[in-house]
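# Chain and residue survey
Each chain, letter by letter, is given below.
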Protein chains: 2
Amino acid sequence: MTDNPSGPPAVTIAFIAESAGVSIPTVSKVLNGRSGVSVETRARVEGLINKYGYRRPSGSRGSTVEIVFREMEGTWAVDIIRGVERVARQNRIGVLVSQLGPDSSPATSIDETIGRRPGFVLFVSEISAPEQAKLKAKDIPFVVINPAGELPDDVPFVGTTNWRGGHSATRHLLDLGHRRIAMINGPDYPFCQARMAGYFSAMAEADVAADSSLVVRTFLTREHGYAAALELLSRPDRPTAIFASNDMQAFGVYRAARELGLSIPGELSVVGFDDIVVSDWADPPLTTVHQPLFEMASAATDLAFTLGRGEPVRQVGLEIATVLTIRKSTAPPRS
Amino acid sequence: MTDNPSGPPAVTIAFIAESAGVSIPTVSKVLNGRSGVSVETRARVEGLINKYGYRRPSGSRGSTVEIVFREMEGTWAVDIIRGVERVARQNRIGVLVSQLGPDSSPATSIDETIGRRPGFVLFVSEISAPEQAKLKAKDIPFVVINPAGELPDDVPFVGTTNWRGGHSATRHLLDLGHRRIAMINGPDYPFCQARMAGYFSAMAEADVAADSSLVVRTFLTREHGYAAALELLSRPDRPTAIFASNDMQAFGVYRAARELGLSIPGELSVVGFDDIVVSDWADPPLTTVHQPLFEMASAATDLAFTLGRGEPVRQVGLEIATVLTIRKSTAPPRS
């Protein structure tokens, strides 16, 4: 956590202020993302900071990183915590975990988080405007892991390649010979939209006419996947394959197929998304798009620490690649 | 948050300092794990602290509770974190999470934990002697959740009723009419011994002669459960039911049965232990002994906070009841 002793001498706030012809508090405001600086001055100061690579003095950050969950459930939360913990441990940083209580709002809960004086904050999937504003005002670096919604351009995030994942899942089914491929889509989140766009792109590339009646939108739960699949599979011209927006939905498809006496993959191929730990234990083991949650969480932690050191980062957002994991739930359609 | 007024007078830092023949700042350094105290002096002060039972004044506790995992894996870790988080949030206490690194030992890792100045520490399943000694010397309350090993009488813990769970699982199979009931036992931990003892007690109560060849001891993984079940089910006089020591082993039994063409529950009944979140999604949904991890973690956090307030507790160890959750993996044997 110390500067490289053989490197150039440290650039101080005073040096930046003198070079820019502004006061030290003005530079501090820019560094800490606070208001009260004109657009021109901010741009000039930021240009100099980027040029000279100002670093915050070592040790001026808190020694914990807090992971903020909206709701800590499902089998994926542990992967995220473990990914953060690995990088935090290497940096001798403690890991705090919190979730919104039933009576809490993000705007009040973030005050409690700030009260714990974390050096860094990681948000899982969601971040609100008050959270962004309050952390910026306190100069606490934050990163969103697996963002569910649209983010302003200056909010750092680590996501996954959702379009690519949807594309590779659908391509796999097309390569097996399927043509009537249904998709169970999720709610109106960008990551769901991207998965569906990957589906449509792959279908178009294979010159398969899109049948919009085969795309069903519902929630990302097993129960909703079950209901959607029951409806799709009860049609006279039922699909031969279903691509679900997450593994929970896919397990709902399993249940619907079982009730309807359809064998997987003999009479129905199924692909999920996420590769949660239990996907491999299903009967049959689920073919799914692996979402690298552990690596995403590690990368987000790295990014937060880099931002905290005041080092320039090449990009504030990145997506870590999905990988299609082929197991036993997909096969060529019966002709 | 005050000491029990009817208890003995509080031991002060000044008293410890005078008894040890050192200054008050020296005692403070020992209490707070700071350097600058010789090994001999530290040992003398820690000895006196342990002897007289110094308690920090109310309100001086750190505002975090740290959960120490040996290895944070499996689907149960989130239940524990959520259980701690619920009680901690009500008390406006932050939740720290850590696990032993691949290169760490409990003796060195606990120093890092203490360095984060947690108010309370919760250990999941395991606690070492150095961990106990160092936390006692620092007067940091700690509780073990779901202890795997034997504990000294003065180490507070919250476990579950393992004997009762093993008993009710076996009784359920006996009530269905099974007599050749195998048990896949786990390693030589007290909680595995208790589950097995529950099995033997239920068998004896039903006047079923125990066949020790039907009790197999192995590790608590899906792979080991699979191997054990493959062996048991390949015997000419194969069991009609298997009680596994945890759900992971039970999923291994599912796999073995599938490979051998045995239907569950038609030709084989299976009972697990834990009721991890995915037990309900299995095909068929698994009958299992519900281990109330969320409630255990909440109770352990409550207990740690009570100890931290210096309030007398009626018992330092408690077991929260298991509940048999009957799903679809058990049925009467085919006659």
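Computed from a predicted structure; not experimentally measured.

### Structural notes on the pattern of salt bridges
Working definition: two side chains of opposite charge can pair if their charged atoms are close together. Following the criterion strictly, the structure yields 33 salt bridges over all chains and no others. Among the salt bridges present, the one from Arg255(A) reaches Glu259(A), with a minimum N-O distance of 3.6 Å. Linking Arg255(A) with Glu259(A), this pair stays in helix H10 (residues 247-259), spanning 4 residues, or about one helical turn. A salt bridge links Arg258(B) to Asp283(A); its shortest N-O distance comes to 3.3 Å. You can see Arg258(B) sitting in helix H10 (residues 247-260) and its partner Asp283(A) sitting in the loop between strand E9 (269-274) and strand E10 (287-290), one on each of two chains. Shared partners join several salt bridges into a network, and the residues in it are Arg180(A), Asp211(A) and Asp237(A).

### Describing the pairing of strand E10 (residues 287-290) of chain B
Residue and element names in this part refer to chain B. Sheet topology note: the strand E9 (residues 269-274)/E10 ladder contains 4 bridges and is parallel. Residue pairing for E10: Val 271 is matched across the bridge by Thr 287. As paired strands, E10 and strand E12 (residues 323-325) are joined by 3 bridges and run antiparallel to one another. When the sheet's bridge partners are listed, His 290 is paired in E12 with Val 323.

### Describing the nonpolar core
Ile242(A) and Ile242(B) are the most contacted members of the largest nonpolar core, which has 86 residues in total. Other than its neighbours up to four places away in sequence, Ile242(B) contacts Ala182(B), Ile184(B), Ala229(B), Leu232(B), Leu233(B), Val253(B), Leu268(B), Ser269(B), Val270(B) and Val271(B). In terms of nonpolar packing, the next biggest core, distinct from the first, is built from 59 residues, Phe69(A), Ala299(A), Val95(B) and Val143(B) among them.

### Focus on the side chain of Ser109(B)
Note on placement: Ser109(B) falls in helix H5 (residues 106-115). Leave out the neighbours within four places in its chain, and Ser109(B) touches Leu100(B) and Ser104(B).

### Points about unusual backbone geometry
A negative phi angle is the norm for most residues apart from glycine, just as the trans form is the norm for most peptide bonds. A cis amide bond links Ile264(A) with the next residue in sequence, Pro265(A), at an omega value of 5 degrees. Summarising the element assignment, Pro265(A) is placed in the loop between H10 and E9. With an omega of 0 degrees, the peptide bond between Asp283(A) and Pro284(A) qualifies as cis. Structurally, Pro284(A) can be placed in the loop between E9 and E10. Although it is not a glycine, Asp139(A) sits at a positive phi angle of roughly 55 degrees. Along the polypeptide, Asp139(A) turns up in the loop between helix H6 (129-137) and strand E4 (142-145). In this structure Asp139(A) comes out as buried when scored by relative accessible area, which is 16%. One non-glycine residue with positive phi stands out, namely Arg117(B), at about 55 degrees.

### Here's the deal with the confidence of the model for chain A
In the predicted model, chain A carries a mean pLDDT of 88, and the fraction of residues at 70 or more is 93%. Predicted confidence is poor over residues 1-8 of chain A, with pLDDT under 50, and the contacts of this stretch with residues over four places away or in other chains come to 5 contacts.

### Regarding the interface of chain A and chain B
Contact with chain A, which involves 35 residues of that partner, is made by 35 residues of chain B. Applying the counting rule to chain A against chain B returns 8 residue pairs in polar contact (both at pLDDT 80 or more). If you list the elements that add at least two residues to the side of chain A that touches chain B, you get helix H4 (77-90), strand E2 (94-99) and H10 of chain A. Grouping the constituent residues of the side of chain A that touches chain B by class yields 17 nonpolar, 7 polar and 11 charged. Relative to strand E2 (residues 94-99) of chain B, E2(A) runs antiparallel, the two being bridged by 3 bridges. Note on E2(B): the bridge partner recorded for Val97(A) is Val95(B).

### Structural notes on the packing of aromatic side chains
For any pair of aromatic rings, the description consists of the separation of the ring centres together with the inter-plane angle of the planes. Tallying each qualifying case throughout the model produces 14 aromatic pairs over all chains. Between Phe69(B) and Trp76(B) the ring centres are 6.3 Å apart and the planes differ by 35 degrees, which places this aromatic pair in the tilted class. On the basis of relative accessible area, Phe69(B) is assigned to the buried category, the value being 1%. A relative accessible area of 27% means that Trp76(B) is categorised as partly exposed. An aromatic cluster of three or more residues is present, and its members are Phe251(A), Tyr254(A) and Trp281(B). When the ring centre of Phe273(A) is taken as reference, the NZ or CZ atom of Arg195(A) above it lies at 3.6 Å. Taking NZ or CZ as reference, Arg255(A) lies 3.8 Å from the ring centre of Tyr226(A), over its face.

Cut-off values and rules
- Residues numbered from 1 in each chain as written.
- Chains lettered and ligands numbered in written order.
- Predicted model: local features only at pLDDT ≥ 70, side-chain atom pairs only at ≥ 80, totals over all residues.
- Heavy atoms only, no water.
- Salt bridge = Lys/Arg side-chain N within 4 Å of Asp/Glu carboxyl O.
- Helix = DSSP H or I, 4+ residues; strand = E, 2+ residues; numbered from the N terminus.
- Pairing = 2+ DSSP bridges.
- Core = buried A, V, L, I, M, F, W, Y, C linked by side-chain atoms within 4.5 Å.
- Buried < 20%, exposed > 50% of the residue type's maximum accessible area, 1.4 Å probe, protein only.
- Contact = heavy atoms within 4.5 Å.
- pLDDT = per-residue confidence, 0-100.
- Polar contact = N/O pair within 3.5 Å; in protein donor to acceptor, adjacent residues only side chain to side chain.
- Nonpolar A, V, L, I, M, F, W, Y, C, P; charged D, E, K, R; others polar.
- Phe/Tyr/Trp six-rings, centres within 6.5 Å; stacked < 30°, edge-to-face > 60°.
- Lys NZ or Arg CZ within 6 Å of the ring centre and 35° of its normal.

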